[in-house]
Structures are given as structure tokens and as C-alpha cells.
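For reference, the chains in residue letters:
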Amino acid sequence: ENLDVRYGKLKTEFDSLKVQHGESTALIEQMKKDGADNAALQTQIKDYEDRIAQLEQQLNEAQVDSALQLALRDAKGLDLDYLAFKVKEKGTLILDDSGKIKGLDDTIAALKTQFPNQFAKQGKPEVRENLLPKSDEERSSEPETLAGAIQQHYEKHE
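Residues numbered from 1 in each chain as written. Predicted model: local features only at pLDDT ≥ 70, side-chain atom pairs only at ≥ 80, totals over all residues. Heavy atoms only, no water.

Caption draft 1: The arrangement of the packing of helix H2 (residues 39–74) against helix H3 (residues 80–89) in detail. Running from N to C, H2 and H3 cross one another at 120°; their axes reach a closest spacing of 10 Å. In terms of their interaxial angle, H2 and H3 are classed as oblique. Crossing of H2 over H3 shows right-handed handedness. Residues Asp-65, Leu-68, Gln-69, Leu-72 and Arg-73 of H2 lie in contact with H3, whose contacting residues are Leu-80, Asp-81, Leu-83, Ala-84, Val-87 and Lys-88. Residue composition of the contact of H2 with H3, grouped by class: six nonpolar, one polar and four charged. (Axes fitted to C-alpha atoms, helices over the stretch in contact; angles between N-to-C directions. Helix = DSSP H or I, 4+ residues; strand = E, 2+ residues; numbered from the N terminus. Parallel < 35°, antiparallel > 145°, perpendicular 65-115°, else oblique. Left-handed = near helix turned anticlockwise from the far one by under 90°. Contact = heavy atoms within 4.5 Å. Nonpolar A, V, L, I, M, F, W, Y, C, P; charged D, E, K, R; others polar.)

Caption draft 2: The arrangement of the packing of aromatic side chains in detail. Per the stated rule, a full pass over the model turns up one aromatic pair. Judged by centre distance (5.8 Å) and plane angle (80°), the ring pair of Tyr-82 and Phe-115 falls under edge-to-face. Note that Tyr-82 is positioned in helix H3 and Phe-115 in the loop between helix H4 (104–114) and helix H5 (136–140), a separation of 33 residues in sequence. For Tyr-82, a relative accessible area of 30% corresponds to the partly exposed category. In this structure Phe-115 comes out as buried when scored by relative accessible area, which is 19%. (Phe/Tyr/Trp six-rings, centres within 6.5 Å; stacked < 30°, edge-to-face > 60°. Buried < 20%, exposed > 50% of the residue type's maximum accessible area, 1.4 Å probe, protein only.)

Caption draft 3: Inspection of unusual backbone geometry at higher detail. The phi dihedral of Lys-76 is positive, around 65°, even though this residue is not glycine. Mapped onto the secondary structure, Lys-76 falls in the loop between H2 and H3. Judged by its relative accessible area of 43%, Lys-76 falls in the partly exposed class.

Below, the structure is given as C-alpha cells:
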């Protein structure tokens, strides 16, 4: 649930940044068309372009991280940060048009094979029964103290 909230916040930030990016791009293009000769203005335009590129990169990284965390959670991963680290070790992650990471299903399948203990087991959990003795006779044969256990041991072996 926490990841869903985080993803929602990132999606909202992404939409906001997209709008800001569109406005900034339009402003930059308009300033370029106006033929601004002022060197300070050209420097400011360059700074805006650099900042936009930086924000786009941060946004892309946030989208990839969110998509990765959600996919690992859906795959019943236990230590999501460790598994995400292992996925990122394999190379650059690229989002497709639907917002999913390309080739991630195969990567997760490989991780399940390589690190089976990092994923929740499928099916029913194993239950081991440890039944109590059924009668007073069975219970009374068990010694209650160490001395009683030693005495019982020697009585059986005489």
C-alpha cells in the first residue's frame, strides 16, 4: 500500500513537471525566436535547458524505480531494495510506452531462480504438528526433572 501512495505522488509530480516542461519549452522557443542578442539572456536560456534536462532525468529515474518496486512487490519479493539493486546491476532499465520496464518479467524470473529465498513461497505454508500426549499415562512417562530423566534412562537400560 505504501508503494501505491508513493507511486501516486510520483505520478502527480510527473504530470506537474510535464506541464512545467511544456511551458518552459514554449518560453525558450519564443525567446529564441525573438532573436535575443543579450548574452545574459542566452545564458539564462541555457541554464533553463540544462535544468529541464536534469529534471527529465530525475523524473525518468523516479518512474523506473516506482515501476521496478511495484513489479517486484507483485512478484512477491521480500527484500525489495536488494532485489531492485540486483535488477539494476544487470544494466540500464528502459520504460516502454505503457510505463512498464522492458524485459522485466524475464529478469524477475531469473531472480526467482537465482534467489528463491527472496520471494514468498507459493501455495499453503507447511504446518508441522507437535501433538501433546493423549493420555495421563503417556504424560506420566516423561520425566519432569533432569534427575528423573537420568533415573529413567538407567531403569530402561538395566
